[in-house]
Amino acid sequence: MAVVSNDPSWWPLISLNMFQSYWFVAAGAVVVYDWVLTLGQEIELIWRQCWSLMTVLYLVMRYIGIPYSVIYSLEDMPMVSLTDAVSIPQLYNSYPTNTLICRGNIINYAVTWTNVAVAAMLGIIMIARLHAMYQGSRIMLILLVIIFLAVNIACGIISGIAIKDIVAEELIVSGTYMCDTVFEGNASLLVSMVWILNTVWEVLALCLSVWIAVKHFRDLRRLGPSTRSTIEDYFKVLIKSHVLYFACFTGVTCLHLVYLSPELANSNSVGEVTLGGALQISMGVQMFVLGPRLILSIREYHTKLVANSDAETSMNSIVFQERVHVSTSSTV
């Protein structure tokens, strides 16, 4: 239902809503700017390479980020109405009833399930990277897949329950439109649980990456200088991109948990709006900037390696001394 009012007491809320819309537009601008910045790399490392699962994941994450940002911004655009008048037939009346339906609920559903899907795609990328780092270990792959499925199925179920308690209501105040999202019941707690489960997965992935990297660095002492240098650089690329992604994810999680706290949920203050805007920008960077860059970083390193040495030698040098699949370079 839409609430219509011309009461001047709403004017401070209108100002906050406009301020918040600037943050959401900035979040979309960051995603578009990074896409333009890496377009040359994308053409060279993605479009001109053989297609694989990682190629599809890259393109989905990269190109879903722009419409995601636009749709998210619609909720706070003061000149965009999210209410439709629909006619609902009545059982005992020949005349249909006109009812105002807020499309903000549809946007909430789209945003929520997009977050779940992107989190799953990022998890698949992490599994591919860890599988390569652990020399194609089948046991490690099975373990990662089991944990991944458990975490993502739980997150999907919890998100499905939580979205039912998240209600959007449009406010038409002094000619401007605002979408007010209300967390009813245990929605805030359920959303926090989703972020905590995802954090557990990310912490596990980081720990496994650091552990195998340290192990390999120790084993490199008995290899030749050229082979050792190549493998060291390879692991440095993996760890650097992984740590940067994890740091951003940790920041997003902390901001999200603080944003959902009861003290800020109904404060309607500049601080709350600023925190929400920073959260939106951070989420965009984590999902649609650093996510695709997890793939680009490895493919860029492999391209430089092939360019600086014989192709066959470089392919063998990534095999981590005996038999490490080149799946990270060819599929990631």
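Summarised in this report is the structure supplied together with it.

Criteria and cut-off values
- Counting restarts for each chain: residues are numbered from 1 in the order of the written sequence.
- Side-chain atom pairs in this predicted model are given and counted only at pLDDT of 80 or more, local residue features only at pLDDT of at least 70, and totals for whole chains, interfaces and linings cover all residues.
- Think of the side-chain values as coming from all heavy atoms in the structure, minus any hydrogens and water.
- Helix and strand assignments follow DSSP, with helices taken as H or I runs no shorter than four residues and strands as E runs no shorter than two, numbered in order from the N terminus.
- Each residue is placed in one exposure class: buried if its accessible area under a 1.4 Å probe, protein chains only, is under 20% of its type's maximum, exposed if it is over 50%, and partly exposed if it falls in between.
- The criterion used for residue contact is that any of the two residues' heavy atoms lie within 4.5 Å.
- Each accessible area value is a Shrake-Rupley result obtained with a 1.4 Å probe; residue values ignore everything except the protein chains displayed when judging cover.
- Working definition: a ring pair exists when centres of Phe, Tyr or Trp rings (six-membered ring for Trp) sit within 6.5 Å. Plane angles under 30 degrees give stacked, over 60 give edge-to-face, the rest tilted.
- When a carboxyl oxygen of Asp or Glu is within 4 Å of a side-chain nitrogen of Lys or Arg, the pair counts as a salt bridge.
- Detection works on a 1 Å grid of protein atoms alone, calling trapped sets that fit a 1.4 Å probe cavities and calling open sets with protein on both sides within 12 Å along at least five of seven lines pockets, with lining residues defined by an atom within 4 Å of a point.
- Grid points are joined across faces, edges and corners, and a volume is the space filled by probe spheres set on the points.
- Each residue after the first adds 1.5 Å to the expected span of a helix.
- Any pair of N or O atoms that falls within 3.5 Å is considered a polar contact. Within protein, one atom must be able to donate a hydrogen and the other to accept it, and sequence-neighbouring residues count only if both atoms are side-chain atoms.
- Helix axes are fitted to C-alpha atoms over the stretch in contact, other axes to C-alpha atoms as well, and angles between N-to-C directions run from 0 to 180 degrees.
- Any angle that falls under 35 degrees is termed roughly parallel, while one over 145 is termed roughly antiparallel, one within 65 to 115 roughly perpendicular, and all others oblique.
- Helix crossings fall into two classes, left-handed where the near helix is turned counterclockwise from the far one by less than a right angle and right-handed where it is turned clockwise.
- Gly is placed with the polar residues, together with every amino acid not listed as nonpolar (Ala, Val, Leu, Ile, Met, Phe, Trp, Tyr, Cys and Pro) or charged (Asp, Glu, Lys and Arg).
- None of His or the chain ends enter the tally, which takes Lys and Arg as positive and Asp and Glu as negative.
- Excluding any residue in a salt bridge, patches collect residues exceeding 30% relative accessible area, merging like charges within 9 Å and nonpolar Val, Leu, Ile, Met, Phe, Trp and Tyr side chains within 5 Å.

Concerning the overall build of the protein chain
Working step 1: In terms of regular secondary structure, the protein chain is built from eleven helices and five strands.
Working step 2: When the 332 residues of the protein chain are sorted by exposure, 45% land in the buried category.
Working step 3: When contacts within the protein chain are restricted to residue pairs at least 6 apart in sequence, those whose partners lie at least 24 apart make up 75%.
Working step 4: Accessible area of the protein chain: about 16,700 Å², with a carbon and sulfur share of 67%.

So, the packing of aromatic side chains
Working step 1: In this structure the tally under the stated criterion is seven aromatic pairs.
Working step 2: Between W35 and Y63 the ring centres are 6.1 Å apart and the planes differ by 75°, which places this aromatic pair in the edge-to-face class. Here W35 is found in helix α1 (residues 11-37), whereas its partner Y63 is found in helix α3 (residues 53-74), with 28 residues between them in sequence.
Working step 3: Given the relative accessible area of 33%, Y63 is considered partly exposed.

What to know about the pattern of salt bridges
Working step 1: Following the criterion strictly, the structure yields three salt bridges and no others.
Working step 2: Of the charged contacts in the structure, one is a salt bridge between D34 and R62, with a shortest N-O distance of 2.9 Å. In this pair, D34 sits in helix α1 while R62 sits in helix α3, placing the two residues 28 residues apart along the sequence.
Working step 3: Classification of D34 by relative accessible area gives buried; the value is 6%.
Working step 4: A residue is classified by how much of its surface remains accessible, and R62, at 0% relative accessible area, is buried.

Description of the layout of surface pockets
Working step 1: Reported here for the second largest pocket is a volume of approximately 280 Å³.
Working step 2: Along its surface, the second largest pocket is lined by Q41, V237, K240, S241, L244, Y245, L290, R293, L294, L296, S297 and E300.
Working step 3: Breaking the lining of the second largest pocket down by element, the ones donating at least two residues are α7 (225-259) and α9 (270-308).

Let's talk about α1
Working step 1: Over its 27 residues, α1 extends 39 Å from the first C-alpha to the last, a length consistent with the 39 Å expected when each residue adds 1.5 Å.
Working step 2: Looking only at α1, the buried set comprises I14, L16, N17, Q20, S21, F24, A27, G28, V31 and D34.

Regarding unusual backbone geometry
Working step 1: Phi is positive for Q135, close to 55°, though the residue is something other than glycine.
Working step 2: Considering the arrangement of structural elements, one finds Q135 in the loop between α4 (104-133) and α5 (138-163).

Considering α5
Working step 1: Helix length check: α5 (26 residues) gives 37 Å between terminal C-alpha atoms against 38 Å at 1.5 Å per residue, within 8%.
Working step 2: Turning to α5, its buried residues number three or more, namely M140, L144, F148, V151, N152, C155, G156, I158, S159, G160, A162 and I163.
Working step 3: Structurally, the start of α5 carries an N-cap: the backbone nitrogen of M140 is 3.2 Å from a side-chain oxygen of S137.

Focus: the environment of A154
Working step 1: Here A154 shows up in helix α5.
Working step 2: Each C-alpha atom of the pair A154 and L197 lies 8.3 Å from the other, and the pair is 43 residues apart in sequence.

Quick notes on the packing of α5 against helix α6 (residues 187-219)
Working step 1: α6 packs onto α5 with a crossing angle of 165° between their chain directions and a minimal axis gap of 8 Å. With respect to α6, the axis of α5 lies roughly antiparallel. Helix-helix and strand crossings are classified by hand; for α5 and α6 the assignment is left-handed. Along its contact with α5, which presents M140, L144, I147, F148, V151, A154, C155, I158, S159, I161 and A162, the element α6 presents A187, L190, V191, M193, V194, L197, N198, W201, L204 and L208.
Working step 2: Partitioned by chemical class, the residues of the contact of α5 with α6 number 19 nonpolar, two polar and no charged.

Things to note about the environment of T274
Working step 1: Along the chain, the position of T274 falls in helix α9.
Working step 2: Spatially, the C-alpha atoms of T274 and F19 are 8.5 Å apart, while their sequence positions differ by 255 residues.
Working step 3: Excluding residues that lie within four positions of it along the chain, T274 makes contacts with F19 and W23.

With respect to the side chain of E42
Working step 1: Within the secondary structure, E42 sits in helix α2 (residues 39-47).
Working step 2: Buried and unpaired, E42 has no salt bridge, with R62 as the nearest side chain of opposite charge at 4.3 Å.
Working step 3: Side chain to side chain, E42 and W47 meet in a polar contact 2.8 Å long.
Working step 4: E42 has contacts with W35, W47, Y58, L59, R62 and Y63, leaving out every residue within four places of it along the chain.

Examining a nonpolar patch on the surface
Working step 1: Residues I43, W47, W51, V56, V60 and Y63 make up a contiguous nonpolar surface patch of roughly 550 Å² in combined accessible area.
Working step 2: Sorting the residues of the nonpolar patch by element identifies α2 and α3 as the ones contributing at least two each.
Working step 3: At three residues, α3 tops the list of elements feeding residues into the nonpolar patch.

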